[in-house]
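# A look at the structure
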Amino acid sequence: MREQEHNLKNLTKCPLCKAKYDHSGAFVLQENNSRTVFHLTCSECQSAVLAFVTESKQGVVSLAVATDLSSKEARVILGKNAIGKDDVLEMYKYLNNK
Ligand SMILES: [Zn+2]
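First, a word on scope: everything that follows refers to the structure included in this document. All residue numbers refer to positions counted from 1 along the written sequence of the respective chain. Whole-chain, interface and lining totals are the exception, using all residues; otherwise, since this is a predicted model, local features are given only for residues with pLDDT of at least 70 and side-chain atom pairs are given and counted only at 80 or more.

### Regarding the sheet that holds strand β2 (residues 35-41)
If DSSP finds at least two bridges between two strands, the strands pair. Helix numbering and strand numbering both begin at the N terminus, where a helix is a DSSP run of H or I of at least 4 residues and a strand a DSSP run of E of at least 2. Overall, antiparallel pairing links the 4 strands, which are arranged β1-β2-β3-β4 in an open sheet. A strand with exactly one partner marks an edge of an open sheet, and here the two such strands are β1 (26-31) and β4 (59-67). Averaged over neighbouring strand pairs, the angle between their axes works out to 20° when direction is ignored. As paired elements, β2 and strand β3 (residues 48-56) share 7 bridges and run antiparallel to each other. Bridge pairing in β3 links V37 to F52. Axis lines are fitted through C-alpha atoms, for helices just across the contact stretch, and the angle between N-to-C directions can take any value from 0 to 180 degrees.

Below, the structure written as structure tokens:
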């Protein structure tokens, strides 16, 4: 099993409607040694979320943030900003200030 697929298994439910994810709606936006960023679209409610999956010594931590960005838009935004330790916070701020 590929690592990113393993990480994705941690994100099994839509945070909004609790439907089980159909992972065919998932795109990997960014990936590095310890972090993977996914864009997921729920097949039930069509809500999109950005999911940050980070591996640390404590284990795998996943954080899903609801977004109205399409996977394309999210890719553009993430592409502009090099991922750093504050990227999740920055993304969060960005989404809240829209
Ligand atoms: Zn949903």
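### Brief notes about the environment of T54
In this fold, T54 is placed in strand β3. Sequence-wise, T54 and V37 are 17 residues apart; in three dimensions their C-alpha atoms are separated by 8.6 Å. With near-sequence residues (within four places) excluded, T54 lies in contact with S34, R35 and V61. Residues are defined as contacting one another if the C-beta atoms placed from their backbone atoms lie within 7 Å.

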